[in-house]
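# Working through the structure, step by step
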Amino acid sequence: MNLSPNTLGRLSAVGLSLIGFYSSGCRSCKSEEPPKAAAVSAPAVAEPADATATTLPAAASVSQGKFEAPDVYPGPRSEALDGWRLTSGFASLKDEQLTEPKALDDTRIYLTALDAGGHPVGSLEKLERAELHVFFVAKDLRHAVYSSGSGPVREGADARSVVVRPPEGGDHAMIAVFKPTGGVPRVVSSPVTVKGVLPEVMGPGVSSLTLTAKSEAETVVLAVSPANPVAGQPVQITAQDLDPKGAPRGELRLPFAVIVNDQMGWGDVVEWDATGKATWTPRSSGDFLVLAPPTRGSKALAFKIHALAPPVQAP
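Description of the structure in this document. (Residues numbered from 1 in each chain as written. Predicted model: local features only at pLDDT ≥ 70, side-chain atom pairs only at ≥ 80, totals over all residues. Heavy atoms only, no water.)

Remark on secondary structure: sheet strands pair via backbone hydrogen bonds, oriented parallel or antiparallel. Taking strand neighbours across the sheet as the criterion, the 4 strands line up as β18-β17-β20-β21 in an open arrangement whose pairing is antiparallel. On the outer flanks of this sheet lie β18 (267-271) and β21 (301-307), each paired with one strand and no other. Ignoring which end each strand starts from, the neighbouring axes of this sheet average 25° apart. As paired strands, strand β17 (residues 256-261) and β18 are joined by 5 bridges and run antiparallel to one another. Counted as the bridge partner of Ile259 is Asp268 from β18. (Pairing = 2+ DSSP bridges. Helix = DSSP H or I, 4+ residues; strand = E, 2+ residues; numbered from the N terminus. Axes fitted to C-alpha atoms, helices over the stretch in contact; angles between N-to-C directions.)

What follows is the structure in structure tokens.
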């Protein structure tokens, strides 16, 4: 994608204008602690040798038999638990800068990943079909839209872009998944408000989901082992493809899934191995939203896994 200097200037202005937008946080979140403001991406620079060499800090702990969730703002905040962040900008398909997406309109989203040291990361590996995967999810789970993209927006740039069309307005979580070259897959969730009229009936929320999900092309059911996952203990996940009548058609190896807490602020990326299984350890008890890309179309596969609290240890 070749962009003119005027176009790049407008995109830079979009990135700067979004700082105030992100610092306002998610209007639907009940927590009083605001999310941290997203940093402005610097011009493309050479990557430092340790751009992907970050260590995940202890995000949760077990205390007196209780597994404790990370003590951070639970909603989208443009920063992962390990300090990786995103900067973003919006534009129409005619390359007109936007302060926010508009319902039923195609919006191009420009995203730049920054490592825990604040360095732009422009070298990404493909995770299954693309270098960048974006799940655009309504906070009340009315819809979950999927899009992907590969390649920098111009030669030598760090940013990637995807195109989304939100079905309705309101508060959303923009959940981005990417894999730095030589590193592990990352997930960062950012708050976004979509301009447009809200529906008369609010969405069902994460709690209404099950282990079965439908996209425009398929129906998939997850199986977890143990059947009742416990926070802090590994869980094996497998997937089955179902026919239109709901009968199993065989095991399905999903390319990956992103598993986030019920307020969509932090999470993990899990990949299926050669045996057709994925392994994930819940960081806390409660409901978790599981998102996977569809075979085709823009409707994401959305599931729920519930994790129990560990048994209380006797004194």
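Bringing the environment of Val230 into the picture now. Looking at the element boundaries, Val230 is found in the loop between β14 (219-225) and β15 (235-242). Spatially, the C-alpha atoms of Val230 and Ser285 are 7.0 Å apart, while their sequence positions differ by 55 residues. Contacts of Val230, omitting those with residues within four sequence positions, involve Pro282, Leu308, Ala309 and Pro310. (Contact = heavy atoms within 4.5 Å.)

Taken as a whole, this structure holds 9 salt bridges when the rule is applied. When the shortest N-O distance is used, the salt bridge between Asp106 and Arg165 registers 3.0 Å. Residue Asp106 is located in the loop between β4 (97-98) and β5 (107-114), and its partner Arg165 is located in the loop between β10 (160-164) and β11 (170-180); the two are separated by 59 residues in the primary sequence. Look at Asp106 and you get partly exposed, because its relative accessible area is 28%. Between Arg160 and Glu131 there is a salt bridge, and its shortest N-O distance comes to 2.9 Å. You can see Arg160 sitting in strand β10 and its partner Glu131 sitting in the loop between β7 (124-125) and β8 (132-138), a full 29 residues away along the chain. Taken together, the salt bridges that share partners define one network made up of Asp140, Arg142 and Glu168. (Salt bridge = Lys/Arg side-chain N within 4 Å of Asp/Glu carboxyl O. Buried < 20%, exposed > 50% of the residue type's maximum accessible area, 1.4 Å probe, protein only.)

What follows concerns the packing of aromatic side chains. Overall, the coordinates contain 5 aromatic pairs when judged by the stated rule. Relative to Phe178, the ring of Trp84 lies with its centre 6.1 Å away and its plane at 40°, an arrangement referred to as tilted. A residue pair is termed long-range when its members are at least 10 positions apart, and Trp84 in the loop between β2 (66-68) and β3 (85-91) and Phe178 in strand β11 qualify at 94 residues. Exposure class is identical for Trp84 and Phe178. Each is buried. With a centroid separation of 6.5 Å and an interplanar angle of 75°, the aromatic rings of Phe135 and Phe256 are classed as edge-to-face. With a gap of 121 residues between them, Phe135 in strand β8 and Phe256 in strand β17 connect regions that are remote in the sequence. Here Phe135 falls in the buried class, since its relative accessible area comes to 0%. (Phe/Tyr/Trp six-rings, centres within 6.5 Å; stacked < 30°, edge-to-face > 60°.)

Geometric descriptors of this kind do not, in isolation, establish any biological role.
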